Number of protein chains: 2
Amino acid sequence: MLTEKLSQFIVETDFEDLPEPVVERAKHHILDCLGVILAGSKHPLARQMLNHFQSLGGARQAGIIGCAFKTSAPQAAFVNATMGHVLDFDDDSDTMVSHPTVTILPAVLALGEKGSSGKDLLAAYVLGLEVCARIASQPGFLPGHYEGGWHTTSTLGVLNSVAGSAKILGLDVNQVRSAFGIAASEVSGLRINFGSMMKPVHAGSASAKGVSSALLAKAGITANPDIFECSKGFYDLYGHLSTVDEAILTDSLGKDFDIVTPGMNIKKYPCCYYTHAAIDALFFLTKKYHLSPDDVRKIQCGISSIAFDVLKYDAPANGTEAKFSMPYCMARALLDHQVLIEDFGDERVNNADVRKWMNIVDKIVEPFMDEPGKSLGVCLQVTTMDGQTHTHEIIKALGGAENPLPWDAVVSKFKTCASRVLDEKDSSKIVSDIEHLEEVAHIGDILDTLSKGS
Amino acid sequence: MLTEKLSQFIVETDFEDLPEPVVERAKHHILDCLGVILAGSKHPLARQMLNHFQSLGGARQAGIIGCAFKTSAPQAAFVNATMGHVLDFDDDSDTMVSHPTVTILPAVLALGEKGSSGKDLLAAYVLGLEVCARIASQPGFLPGHYEGGWHTTSTLGVLNSVAGSAKILGLDVNQVRSAFGIAASEVSGLRINFGSMMKPVHAGSASAKGVSSALLAKAGITANPDIFECSKGFYDLYGHLSTVDEAILTDSLGKDFDIVTPGMNIKKYPCCYYTHAAIDALFFLTKKYHLSPDDVRKIQCGISSIAFDVLKYDAPANGTEAKFSMPYCMARALLDHQVLIEDFGDERVNNADVRKWMNIVDKIVEPFMDEPGKSLGVCLQVTTMDGQTHTHEIIKALGGAENPLPWDAVVSKFKTCASRVLDEKDSSKIVSDIEHLEEVAHIGDILDTLSKGS
């Protein structure tokens, strides 16, 4: 009954059924994702993907963000989702151990562009997210699935994309069940491809597969209608689970929403989350004590052991490694009072000046940060040239689920990202459209603005 | 080095390097596959898939067989491969526990239609097949992968499609390695979807994914270059193998070819292979003793236990079940002296007349057939109305790898299949083109003929 119940939930839940805090959080994540897609549209990989799909052609069904090109809905979802993940600046979920918005949003935008309203979009986005969070919450599935080698943004991304796509297409319950069966036969993505261009391409492929699976179900293609509970179904092959606890996946469906509790994370800086609290703590101290770079002799970051392990590049060779380098991120923050997308270009990382300042940054394991719920925190200690020591502690990094970015900060990040493509007027229009998304009659109008660019 | 060696083999092997028996066998399988695609193009599922992809549009790169529509190469491969598997009448391989030609051939046709020769097609087809057979032969991979729940025609189909696609696109070694990495991140297909429309759709999806992966590699997308030997790569996630024996996969590459030794199976009748020997034995006896249906009191089929288990529908409810029904296939053979595609339409299966004759067919386990290599055999016993008993034994069913269909029989099957779409002149032209495929300068000309139809 599990697949049927999840399908019924999708079919029977509309915008009007969503609690107000759910809608508010959804707007944060939608605006954030649109911003990172716009920023990603200037990455060289975006041009490669665009060339590929331009050569394949396709009906002009859906727009590519940051570009005047339109193509078929699955292909548009593919390009937009790839662009949304290429900077690794998009939101992420602890529940799903993945980046969920980047696969759902391009899917529901592509299918909704022609005739859906802002309310339709909000409902499809929230339902895609919620159903996937439920699927991911099956006891025993995560983190084993991820640790075993699957790229969750890709595997679970197919499922959140198909759930959202099924909603915005208005499929009936049997069609949604088939759509899940079809999509389960499309789930893939090996984490060993990390470090190549495939990490963002996985997001694109997953988003497109969800769109295609829902369209195939709409076209009358049938599949196993019980894919989440049947033997040798999704959980068996992708999680080594032979039994499924249905109650955990369906209890309080429609009442509790993962997007609010526990919530997801929105990145304020385009680098690893484990650097964020330290960056904020440094900004706090340099501002409070009016410290310029030349005033600082030493910066010591006390962090959790997991953060210590993840941030393994003390001398990063390129922009990708720099995202996981505490010395680089701290030197950048000290020198520039900001940490921007362009700071993770290879050339800028290898600049001799910043290298000098990286040498004054130390990271140590602060055992206190290994306590539950504190792994993203920092205890920062700055020693000045005149021998003074200033410390500041941040336990819950801003942007994390428990300390979410306020709307203004999301807007500010969006505008920085969008400025690479849109002028101030268009950028402000998008912010206003998303802020009042339930009043937007045709989301195609939003796409028209987003598709400006070259 | 495994992925690199397989990639080098693809790049460095051309038509001129293929032994003559390999080329001859390839022509059998290519002609056979084209025939079943033509026949499948009249199945209702073909129309559904066509409608779906027509709505998505696409550049006019490659033709749909049996239809004047052209679309992008991945989409054309998707439709042609789905049509080629919808009747379950396409060839299969014991090495790969799958139907391999149906995923490679549509891929290399779609990519080769614009500028490739018959020699290019033969090389790409043979290499796609051979590399996939090598991958499937890794000790410990099969049959566990299939029995675990993966649909090999879908999973391995992505890999044979990408190998053939990489060849016909002329990728270099690094590009082929990336193409394998990309394709491995696309491998999927759950066997639990059998019994729905997804079985043939899996073939379509796999073929398309191979095409797309090769095109992405050509467009410069990179992936893990060692996907077959790396930890948490293809074998780990899809076969629970932590180590790989490279020698077994690469020894005598280019000398031994799976298509010749052990060879693959071509179906003579559009039903389960385990019925084929019994059908041939019945034809033999009714011809030898001039038996009409009214002369026959009882037909007893002594078969292997595996055949007994697979042929589980003694009273089939529809055409799909009838393919796995010994009584139905034998009654049909007795009444009509032939077993045709249209015999597996639901209406024809439920005809009262045939039901009467099904009652005189019995199947028993003949322990002798459980000996190695005899599972496809039959010991047939026909009892006549006048009390006589005639027996005939066939150990190696015709069409099986060890008793391959001669060219004339392949041509005969092709012409029967093709007659649903092509006139006699076009049908004969295709036979002649494939018989002399190495002399064909542009395979687009073959596609032009195959794309006639409505």
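Scoring rules and cut-offs
- The residue numbers shown here count from 1 along each chain, following its written sequence.
- By the order in which they are written, chains take letters starting at A while ligands take numbers starting at 1.
- The predicted origin of the model limits local features to residues at a pLDDT of at least 70 and limits the giving and counting of side-chain atom pairs to 80 or more, whereas totals for whole chains, interfaces and linings rest on all residues.
- Side-chain numbers come from the whole structure's heavy atoms, not from hydrogens or water.
- In superposing the copies, a least-squares fit is computed on C-alpha atoms, taking residues whose pLDDT is at least 70 in both.
- Should any heavy atoms of two residues lie within 4.5 Å, those residues are considered in contact.
- Working convention: axes come from line fits to C-alpha atoms, limited for helices to the stretch in contact. Angles between N-to-C directions cover 0 to 180 degrees.
- Comment: elements are numbered from the N terminus, with helices defined as DSSP H or I runs of at least four residues and strands as E runs of at least two.
- Here roughly perpendicular refers to angles of 65 to 115 degrees, roughly parallel to angles under 35, roughly antiparallel to angles over 145, and oblique to all remaining angles.
- Note: crossing handedness is left-handed where the near helix turns anticlockwise from the far helix by less than a right angle, and right-handed where it turns clockwise.
- Only Asp, Glu, Lys and Arg are considered charged, only Ala, Val, Leu, Ile, Met, Phe, Trp, Tyr, Cys and Pro nonpolar, and every remaining residue, Gly among them, polar.
- When DSSP finds at least two bridges between two strands, those strands are taken to pair.
- Relative accessible area decides the class of each residue, using a 1.4 Å probe on protein chains only: under 20% of the type maximum gives buried, over 50% gives exposed, and in between gives partly exposed.
- Two aromatic rings, drawn from Phe, Tyr or Trp (for Trp, its six-membered ring), form a pair once their centres lie within 6.5 Å of each other, and the interplanar angle then sorts them: stacked below 30 degrees, edge-to-face above 60, tilted otherwise.
- Think of it as a cone above the ring: NZ of Lys or CZ of Arg counts as a charge over the ring if it is within 6 Å of the ring centre and within 35 degrees of the ring normal.
- Buried Ala, Val, Leu, Ile, Met, Phe, Trp, Tyr and Cys residues form a nonpolar core when they are joined through side-chain atoms within 4.5 Å.
- Where a domain begins and ends is set by an automatic assignment or by a domain database.
- The term buried area refers to how much accessible surface (probe radius 1.4 Å) is lost by two components on association, counted for both of them together.
- Should a side-chain nitrogen of Lys or Arg be within 4 Å of a carboxyl oxygen of Asp or Glu, the pair is scored as a salt bridge.

**A look at the relation of the copies chain B and chain A**
Then, number 1: The operation relating chain B to chain A is a screw motion whose rotation component is 180 degrees, with 0.1 Å of axial translation and a residual RMSD of 0.1 Å. Those values place the two copies in the arrangement expected of a two-fold rotation axis. Using C-alpha coordinates, one finds that chain B approaches the rotation axis most closely at Gly58(B), a distance of 1.8 Å.
Then, number 2: When the interface residues of chain B are mapped onto chain A, 100% of them again lie at the interface, so the same face is used by both copies.

**What to know about the packing of helix H5 (residues 101-112) of chain A against helix H8 (residues 152-169) of chain A**
All names here are of chain A.
Then, number 1: Remark: H5 packs on H8, axes separated minimally by 8 Å, with the N-to-C direction vectors making an angle of 30 degrees. Between H5 and H8, the angle is such that the two are roughly parallel. Once H5 is placed against H8, the crossing between them reads as right-handed. Between H5 and H8, the residues in contact are Val 102, Thr 103, Ile 104, Ala 107, Val 108, Leu 111 and Gly 112 and Thr 153, Gly 157, Asn 160, Ser 161, Gly 164, Ser 165, Ile 168 and Leu 169, respectively.
Then, number 2: Across the contact of H5 with H8, the residue classes tally to seven nonpolar, eight polar and no charged.

**A short note on the environment of Glu424(B)**
Then, number 1: Its location among the elements puts Glu424(B) in helix H21 (residues 424-435).
Then, number 2: Separated by 15 residues in the primary sequence, Glu424(B) and Ala409(B) have C-alpha atoms spaced 17 Å apart.

**Some words on the sheet that holds strand E5 (residues 378-384) of chain B**
All names here are of chain B.
Then, number 1: Pairing is mixed in the open sheet, where four strands are placed in the order E4-E3-E5-E6. Edge positions in the sheet fall to strand E4 (361-365) and strand E6 (389-394), since each of these pairs with one other strand and no more. Recorded for the sheet is a direction-independent mean angle of 20 degrees between the axes of neighbouring strands.
Then, number 2: Pairing geometry for strand E3 (residues 296-303) and E5, over six bridges, is antiparallel. Within the sheet, the bridge partner assigned to Val 296 lies in E5 and is Thr 384.
Then, number 3: Where helix H14 (residues 276-288) meets the sheet, it contacts E3, E5 and E6, and its direction lies at approximately 40 degrees from that of E5.

**Some words on unusual backbone geometry**
Then, number 1: With omega at 5 degrees, the peptide bond leading from Leu142(B) into Pro143(B) counts as cis.
Then, number 2: Tracing the backbone shows Pro143(B) in the loop between helix H6 (118-136) and helix H7 (144-147).
Then, number 3: A cis amide bond links Thr261(B) with the next residue in sequence, Pro262(B), at an omega value of 5 degrees.
Then, number 4: Not every positive phi belongs to a glycine, and Lys232(A) is a case in point at roughly 60 degrees.
Then, number 5: Inspection of the secondary structure assignment puts Lys232(A) in the loop between helix H10 (198-218) and helix H11 (234-239).
Then, number 6: Since its relative accessible area comes to 31%, Lys232(A) is described here as partly exposed.

**Here's the deal with the packing of aromatic side chains**
Then, number 1: Applying the stated criterion across every chain, the model contains 24 aromatic pairs over all chains.
Then, number 2: Look at Tyr269(A) and Phe283(A): their rings are 6.1 Å apart centre to centre, the planes differ by 70 degrees, and that puts the pair in the edge-to-face class. Of this pair, Tyr269(A) sits in the loop between helix H13 (259-263) and helix H14 (276-288) while Phe283(A) sits in helix H14, and the two are 14 residues apart along the sequence. By the burial criterion, Tyr269(A) is buried, and Phe283(A) matches it.
Then, number 3: Ring centres of Phe228(B) and Phe234(B) lie 5.7 Å apart, and the angle between their planes is 80 degrees; on these two criteria the pair is classed as edge-to-face. Across the pair, exposure class does not vary: Phe228(B) and Phe234(B) are buried alike.
Then, number 4: The ring of Phe344(A) is capped by Lys323(A), whose NZ or CZ atom sits 5.6 Å from the centre of that ring.
Then, number 5: For the cation-ring pair, Lys363(A) lies above Phe308(A), with the distance from its terminal atom to the ring centre recorded as 4.4 Å.

**Focus: the sheet that holds strand E5 (residues 378-384) of chain A**
Two pairing modes exist for strands in a sheet, parallel and antiparallel, and in both the strands are linked by backbone hydrogen bonds.
All names here are of chain A.
Then, number 1: Reading across from one edge, E4-E3-E5-E6 is the order of the four strands in this open sheet, with mixed pairing throughout. Each edge of the open sheet carries a strand with a single partner, namely strand E4 (361-365) and strand E6 (389-394). For this sheet, the mean angle separating the axes of adjacent strands, direction not counted, is 20 degrees.
Then, number 2: The strands that H14 touches are strand E3 (296-303), E5 and E6; relative to E5, the one it contacts most, it runs at about 40 degrees.
Then, number 3: Against the sheet, helix H17 (residues 326-336) contacts E3, E4 and E5, and its axis sits at roughly 130 degrees relative to E3.

**Here's the deal with the nonpolar core**
Then, number 1: Ranked by internal contacts, the top residues of the largest apolar core, which has 244 residues, are Leu34(A), Phe228(A), Phe234(A), Leu34(B), Phe228(B) and Phe234(B).
Then, number 2: Contact partners of Phe234(B), with chain neighbours within four places excluded, come to Leu190(A), Ile135(B), Phe141(B), Leu156(B), Leu159(B), Val187(B), Ile227(B), Phe228(B) and Gly239(B).

**Some points on the domain arrangement of chain A**
Residues and elements named next belong to chain A.
Then, number 1: Looking at the assigned domains, one finds that chain A contains domain 1 (2-268 + 407-450) and domain 2 (273-394).
Then, number 2: Centre-to-centre, using C-alpha coordinates, domain 1 lies 33 Å away from domain 2.
Then, number 3: Tallying the contact residues gives twelve residues for domain 1 and seven residues for domain 2.
Then, number 4: Counting each side, the surface lost to burial between domain 1 and domain 2 is near 740 Å², with a carbon and sulfur contribution of 58%.
Then, number 5: By the criterion of area lost to domain 2, the three top residues of domain 1 are Leu 87, Lys 268 and Arg 420, representing 50% of everything that side buries.
Then, number 6: Scanning the region where domain 1 abuts domain 2 turns up two salt bridges.

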